[in-house]
Amino acid sequence: MCGIVAYVGQKDAYPILINGLRRLEYRGYDSAGVALLTDQINLYKCRGKVADLEEYIADKNTGGTIGIAHTRWATHGEPNDENAHPHFSRDRDIALIHNGIIENYAVLKKELVSRGYVFQSNTDTEVLVHLIEDIRENENVELDEAVRIALTQVEGTYAIVVISKNHPDSLIAARNGSPLVIGVGEGEYYVASDGAPLVEYTKNVIYLDNEDIAYISLKDDIKIKSINNIERTPYIDQLEMSITQLEKGGFEHFMLKEIYEQPKSIADSMRGRLNVAKEIVSLGGIIEYEEKMLNAPRFTMVACGTSWHACLVGEYIFEELVRIPVEVEYASEFRYRNPIINEKDIVIAISQSGETADTLAAIGLAKENGATVIGICNVVGSSIARATHAGSYTHAGPEIGVASTKAFTAQVTLLLLMALSLAKKKGTISRSRYHEIIIALENIPRQIEEVLSHEKLIKEIADRFSDAKNFLYLGRGYNFPVALEGALKLKEISYIHAEGYPAAEMKHGPIALIDEEMPVVVIATNKGTYDKVVSNIQEVKARKGKIIAIVTKGDETVKSLADYVIEIPETEEMLVPLLATVPLQLLSYHIALNRGCNVDQPRNLAKSVTVE
Ligand code: G6P
């Protein structure tokens, strides 16, 4: 969603803000803006990317040591100059940036319009800035109190930062539902949607909680109060991030870098948790909850997007190893359908960003019903990580490309580790089987290196199919979620329509689509159902579909049938998703590149979806 960055200190604010926006651009990229405070507020904003904003500002006054900046992903109001943030109050004394949705904005707007306020934009955000001004004038209160009162009238989610001409050394920041973190430097403060804009200046951070309002002033330091005016002592955390993680490191795109990082990110996910020599798998974050997990009647896994695909792999792994039933739910469905959940249930919430609004709400619902919620998140200190009872970080490092790659394989790795640890305690896995799987897991990073070495071949396949209108992805068992994930990657970044299907289901519909124009990607590595997948390939071939097969190294049968084959090394069936997803990521990447698409920032998508 939108990205927020703000600064107050002694340095020139503009370079810090622009740099911060560049680091946050993956969160939203349809418009951007900045407001800088000197003896007045200079506000510049325009439709387009951060680079467009920089160009627009090139000849403008960018002085000032305090400022706010924003990169937008449109919710209310189309992406245009007017709807870009920041927004001004009527008297141009206050400027505000916002991430989230003000749900009751229509009612508030009507009231403000009736009092003579003229709106410059179609955004829900502008309501808030006028409301603050209105309260300040009519209730004759200071700006900080006006912000607090305004927020008590708002329904919905927000992360905001406010500056005012009359408070030249202060920022007011508040959050409810959308993330906000304060960076504490030497005589200076930063505010941002996540740690990325802060990391090169300070590692000391304060994560705001829901309904926190932070009054940041160079004179009086930071005061954090709740929306109900109760003060709390700020707790300083350490940011776990480095600048090199936020740069492309010689790759053309973040997505490609992140695909290539997978041997390392998976090794990082396993570090300190998998000890093959001692035959130990242990996730420190959930140890205290394992007993409870083992006594649960079932697990419910909730997530969105790619993380939901990881849940599907998790379902198969948990049911095979732990022998406890698993249900996988889209968080957005779960939260609205009155699910049967009680205090014995375990809900496992998976999220790369740790900020997805629907997943957060699903966690809230599960907790209300007494369930224990275990999180698997990538972003340390994120809202989901803090909302869950316990959990484990994937430690995949920052993922900047909007299409998720290394986060997915890290999530699957974590689910495997969790299931192995539980299965051993429950006695549902034999020692030899446990041993085989952990040895195979230890080999995965090296095997991914091998898969990555096929990039040239994958690029050739991409060149052949870049003009396709549709793609079908087929897989069975553990490879069914891989098919879904492969299709999602292609849709997300190349805008080609693609569907993932369980291979055997093809007969019940998608087969009607197959003709000589249709590329069909088949993940044909399964041992148990190999013959059946070969039959599915025959069925596609009989209808002249073009087959791109992912096969186990040395496979000759599929090779003789398929138009193209990409080999992956042999591993345990439940680990295949960790290998088979990688060529599909590369295939989508090269197709998108051939089609001239913006791989890292695909249209209409956002990296972290903090609105419902
Ligand atoms: C967005 C992203 C996807 C991601 C999904 C869930 O749609 O573009 O890449 O899979 O949100 O995000 P999460 O951060 O909860 O994993």
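Preceding this paragraph is the structure being described.
An account of the accompanying structure is given in this report.

**Points about the site of the ligand**
Thought 1: Close contacts around the ligand come from 14 residues, with Ser307, Ser351, Gln352, Ser353 and Thr356 the closest.
Thought 2: Ser307 is positioned such that a nitrogen or oxygen atom in its side chain is 2.5 Å from an oxygen atom of the ligand.
Thought 3: In the complex, 91% of the free accessible area of the ligand, which totals 380 Å², lies under the protein chains.
Thought 4: Of all the cavities here, the one that holds the ligand is the second largest pocket.
Thought 5: Looking at the shell around the ligand, the element that brings in the most residues is helix H9 (residues 305-321), giving three residues.
Thought 6: Of the residues in the shell around the ligand, the class split is four nonpolar, eight polar and two charged.

**Some thoughts on empty space enclosed by the protein**
Thought 1: Using the criterion set out here, one finds two cavities of 30 Å³ or more in the structure.
Thought 2: One number sums up the size of the largest cavity: a volume of about 70 Å³.
Thought 3: Around the largest cavity, the lining residues are Cys2, Arg72, Trp73, Thr75, His76, His85, His98, Asn99, Gly100, Thr123, Asp124 and Thr125.
Thought 4: Sort the elements by how many residues they give to the lining of the largest cavity and strand E6 (residues 94-102) lands first, with three residues.
Thought 5: Per-class residue counts for the lining of the largest cavity are two nonpolar, eight polar and two charged.
Thought 6: Reported here for the second largest cavity is a volume of approximately 50 Å³.
Thought 7: Taken together, Thr525, Lys527, Thr552, Ile568, Pro569, Glu570, Thr571, Glu573 and Val576 make up the lining of the second largest cavity.
Thought 8: Classifying every residue of the lining of the second largest cavity gives three nonpolar, three polar and three charged.

**Section: the nonpolar core**
Thought 1: Judged by nonpolar contacts, the single largest core of 94 residues is most densely connected at Phe318, Leu321, Ile348, Leu441, Phe471 and Tyr473.
Thought 2: A domain split of this core shows at least three residues from each of domain 2 (248-445) and domain 3 (454-602).
Thought 3: Among the nonpolar cores identified, the runner-up in size contains 32 residues, and Leu17, Val50, Val181 and Val199 belong to it.

**Structural notes on helix H11 (residues 357-368)**
Thought 1: Given a rise of 1.5 Å per residue, 12 residues ought to cover 16 Å, and the 17 Å separating the end C-alpha atoms of H11 matches this to within 8%.
Thought 2: Tucked into the core, H11 has its buried residues touching strand E18 (299-303), helix H10 (331-334), strand E20 (346-351), strand E21 (372-377) and helix H12 (383-387).
Thought 3: Immediately beyond the C-terminal end of H11, within one or two residues, lies Gly370, with a positive phi of roughly 90°.

**Focus on the pairing of strand E26 (residues 546-552)**
Thought 1: With six of its seven residues buried, E26 lies for the most part within the structure.
Thought 2: In terms of strand pairing, strand E25 (residues 519-523) meets E26 through five bridges, oriented parallel. The residue of E26 that forms the bridge with Val521 is Ile548.
Thought 3: Viewed along the sheet, the connection from E25 through helix H17 (residues 530-542) into E26 turns out right-handed.
Thought 4: Examined bridge by bridge, E26 and strand E27 (residues 564-568) share five bridges and lie parallel to one another. In the strand pairing of E27, Thr552 is matched with Ile568.

**Some words on the packing of helix H3 (residues 105-114) against helix H4 (residues 125-138)**
Thought 1: Closest axis-to-axis distance for the H3/H4 pair is 10 Å, and the angle between their directions is 50°. Between H3 and H4, the angle is such that the two are oblique. As H3 packs across H4, the resulting crossing turns out to be left-handed. From H3, Tyr105, Leu108, Lys109 and Leu112 reach across to H4, where they touch Val127, His130, Leu131 and Asp134.
Thought 2: Along the lines of polarity and charge, the residues of the contact of H3 with H4 split into five nonpolar, one polar and two charged.

**Focus: the side chain of Ser392**
Thought 1: Along the chain, Ser392 falls in strand E22 (residues 390-393).
Thought 2: When its relative accessible area of 4% is taken as the criterion, Ser392 is described as buried.
Thought 3: Excluding residues that lie within four positions of it along the chain, Ser392 makes contacts with Arg273, Leu283, Gly285, Ile286, Gly375, Ile376, Cys377 and Leu414.

**Side note on the pattern of salt bridges**
Thought 1: If you walk through the whole model with that rule in mind, you get 35 salt bridges.
Thought 2: Its salt-bridge partner being Asp134, residue Arg115 comes within 2.2 Å of it at the nearest N-O pair. Of this pair, Arg115 sits in the loop between H3 and H4 while Asp134 sits in helix H4, and the two are 19 residues apart along the sequence.
Thought 3: Accessibility expressed as a relative area gives 39% for Arg115, which makes it partly exposed.
Thought 4: Overall, Asp134 belongs to the buried group, its relative accessible area being 5%.

**Quick word on the packing of H9 against helix H13 (residues 406-426)**
Thought 1: One can describe the packing of H9 onto H13 by two numbers: an axis separation of 9 Å at closest approach and a directional angle of 20°. Here H9 is positioned roughly parallel relative to H13, judged by the angle of their axes. By crossing handedness, the relation of H9 to H13 is classed as right-handed. Contacts between H9 and H13 involve Thr306, Ser307, His309, Ala310, Cys311, Val313, Gly314, Ile317, Phe318 and Leu321 from the former and Phe408, Gln411, Val412, Leu415, Leu416, Met418, Ala419, Leu420, Leu422 and Ala423 from the latter.

What counts as what
Residues numbered from 1 in each chain as written. Predicted model: local features only at pLDDT ≥ 70, side-chain atom pairs only at ≥ 80, totals over all residues. Heavy atoms only, no water. Near = heavy atom within 4 Å. Polar contact = N/O pair within 3.5 Å; in protein donor to acceptor, adjacent residues only side chain to side chain. Areas by Shrake-Rupley, 256 points an atom, 1.4 Å probe, with all protein chains shown as cover. 1 Å grid on protein atoms, 1.4 Å probe; cavity = no way out; pocket = protein on both sides within 12 Å on 5 of 7 lines; lining within 4 Å. Sits in = over half its atoms within 2 Å of the grid points. Helix = DSSP H or I, 4+ residues; strand = E, 2+ residues; numbered from the N terminus. Nonpolar A, V, L, I, M, F, W, Y, C, P; charged D, E, K, R; others polar. Points joined across faces, edges and corners; volume = space filled by probe spheres on them. Core = buried A, V, L, I, M, F, W, Y, C linked by side-chain atoms within 4.5 Å. Buried < 20%, exposed > 50% of the residue type's maximum accessible area, 1.4 Å probe, protein only. Domains from an automatic or database assignment. Expected span 1.5 Å × (residues − 1). Contact = heavy atoms within 4.5 Å. Pairing = 2+ DSSP bridges. Right-handed = clockwise from strand over helix to strand, strands pointing away. Axes fitted to C-alpha atoms, helices over the stretch in contact; angles between N-to-C directions. Parallel < 35°, antiparallel > 145°, perpendicular 65-115°, else oblique. Left-handed = near helix turned anticlockwise from the far one by under 90°. Salt bridge = Lys/Arg side-chain N within 4 Å of Asp/Glu carboxyl O.

Everything listed here is a matter of coordinates, which is why it stays silent on function.
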